[in-house]
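Topology and contacts: notes
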Amino acid sequence: MAQKIVAGNWKMNLSLKEAIDLVESIDQEDLDKDVRVILFPSTLYLQALSEKTKLELGVQNFSEMDKGAYTGEIAISQIRSVGGSIGLIGHSERRMYYKESNDVLKAKVNQAVEEDFDFIFCCGEPLEVREGGREMEYVSRQLKESLFHLPKDKIKNKIIAYEPVWAIGTGKTATAEQAEEMHKNIRFWLKEKYGEEIADSVSILYGGSCKPQNAKEIFACENVDGGLIGGASLNAKDFTTIINSFE
Ligand code: PEP
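This write-up is about the structure you can find in this document. (Residues numbered from 1 in each chain as written. Predicted model: local features only at pLDDT ≥ 70, side-chain atom pairs only at ≥ 80, totals over all residues. Heavy atoms only, no water.)

1. Focus: the sheet that holds strand E5 (residues 118–123)
Test applied: DSSP bridges decide pairing: two strands pair if at least two such bridges lie between them. Only DSSP runs of H or I with at least four residues qualify as helices, and only runs of E with at least two residues qualify as strands; both kinds are numbered from the N terminus onward. To get an axis, a line is fitted to the C-alpha atoms, and for a helix only the part in contact is used. The angle between two axes follows their N-to-C directions and goes from 0 to 180 degrees.
What the 8 strands build is a closed barrel, ordered E1-E2-E3-E4-E5-E6-E7-E8; its pairing is parallel. Between one strand axis and the next, the sheet turns through 30° on average, direction left out of account.

Below you can see the structure in the form of structure tokens.
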């Protein structure tokens, strides 16, 4: 069975002191022990935060190169050296504002696999695609072009986050039915390509205005294994309520 996961994407928010305070507040709460909790703060704060918490820490982006003359980029080995163990790949804000293509994302997937670095692969359709009824085709293509080239043993236990772009930071959440419909399809595509055992080992997270008020209903869906949380992860009480929202 897929692992239950709740991850917080802090994006470009918080000072170092605010980040430390937030981590300490989350640490003081009673968290469901069956849930893997991951935080994605600013990469700048990884070292300081890793000295304060046992919670898993990751990065919101990383380079597809291993090292060298790539000004401004950060390599997996450097991330590891300051306490990061996992990275997001293909968040819609990276795709949209930094023009990360399916090819670049495939290279990041390959680099992560090569260096045995864990990742959450993000996918999701923009509003006009959903309005045109083409969301299944769109998401399936994102997966096929950047992730589904991996062999069976490399996709086992991996993490995919479905984040409809129209629901990110907008306060507009997908309904539990809309989330489950896409998650069920993602599981089906995994099954088609890799077989049932592998498909069932992959955690499929929902992201997009997930809040304490709707987390229970979304997490109760058969094919939803947790959430990737933006705004609500900046508040310790809200985030921990979401973590504790599994049945
Ligand atoms: C996100 O950015 O991954 C996200 C889901 O954001 P929010 O929860 O704020 O919609």
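2. Quick word on the side chain of Asn214
Which entries qualify depends on this criterion: The buried label goes to any residue with under 20% of its type's maximum accessible area, the exposed label to any with over 50%, and the partly exposed label to all in between, with areas taken from a 1.4 Å probe on protein chains only. N or O atoms within 3.5 Å of each other form a polar contact, as long as, within protein, one can give a hydrogen and the other can take it, and as long as residues adjacent in sequence are counted only when both atoms are side-chain atoms. Note on contacts: a residue pair qualifies if any of its non-hydrogen atoms lie within 4.5 Å across the two residues.
Relative to the helices and strands, Asn214 resides in helix H11 (residues 212–219). When its relative accessible area of 15% is taken as the criterion, Asn214 is described as buried. A distance of 3.1 Å separates polar atoms of two side chains, one belonging to Asn214 and the other to Thr173. Apart from residues no more than four positions distant in its own chain, Asn214 is found in contact with Thr173 and Ser209.

3. Observations concerning the packing of aromatic side chains
Short version of the rule: Note on aromatic contacts: the rings of Phe and Tyr and the six-membered ring of Trp form a pair at centre separations within 6.5 Å, being stacked when their planes are under 30 degrees apart, edge-to-face when over 60 apart, and tilted otherwise. Placement of a charge over a ring requires the Lys NZ or Arg CZ to be within 6 Å of the ring centre, with the centre-to-atom vector within 35 degrees of the ring normal.
Tallying each qualifying case throughout the model produces 4 aromatic pairs. Note on Phe62 and Phe117: the rings are 5.5 Å apart at their centroids and 85° apart in plane angle, and the pair reads as edge-to-face. Residue Phe62 is located in the loop between strand E3 (56–59) and helix H3 (76–81), and its partner Phe117 is located in the loop between helix H5 (102–114) and E5; the two are separated by 55 residues in the primary sequence. In terms of burial, Phe62 and Phe117 fall into one category: buried. Residue placement shows Arg94 over the ring face of Tyr98; its charged tip is 4.2 Å from the ring centre.

4. Considerations on the packing of helix H7 (residues 135–146) against helix H9 (residues 176–194)
Inclusion rule: We call two directions roughly parallel when the angle between them is under 35 degrees, roughly antiparallel when it is over 145, roughly perpendicular when it lies between 65 and 115, and oblique otherwise. Handedness of a crossing follows from how the near helix is turned relative to the far one, being left-handed for an anticlockwise turn of less than a right angle and right-handed for a clockwise one.
In the contact formed by H7 and H9, the axes pass within 11 Å of each other and the chain directions differ by 45°. As summarised for this structure, H7 and H9 are arranged oblique, according to the angle between their axes. Every pair of crossing elements has a handedness; the one defined by H7 and H9 is right-handed. Of H9, the residues touching H7 (which contributes Glu135, Met136, Val139, Ser140 and Leu143) are Glu181, Met182, Asn185, Ile186 and Trp189.

5. Re the site of the ligand
Put simply, the test is: Whether a residue is near a molecule or strand is decided by its heavy atoms; if any one of them lies within 4 Å of it, the residue is near. Amino acid classes used here: Ala, Val, Leu, Ile, Met, Phe, Trp, Tyr, Cys and Pro are nonpolar; Asp, Glu, Lys and Arg are charged; the rest, including Gly, are polar.
Around the ligand, 14 residues are found, and the nearest of them are Lys11, His91, Glu163, Gly169 and Ser209. Between the ligand and Lys11 there is a distance of 2.5 Å, counted from an oxygen atom to a side-chain nitrogen or oxygen. Within the backbone of Gly231, an N or O atom sits 2.8 Å from an oxygen atom of the ligand. In the shell around the ligand, the residues fall into 4 nonpolar, 8 polar and 2 charged.

6. Examining unusual backbone geometry
With a phi close to 80°, Leu14 is a non-glycine residue in the positive phi region. With respect to the helices and strands, the residue Leu14 is situated in the loop between strand E1 (4–9) and helix H1 (16–28). The exposure class assigned to Leu14 is partly exposed, which follows from its relative accessible area of 24%. Located in the positive-phi region is Lys99, a residue other than glycine, with phi close to 55°. Within the element layout of this structure, Lys99 appears in the loop between helix H4 (92–97) and H5. Using a relative accessible area of 65% as the deciding quantity, one classes Lys99 as exposed.

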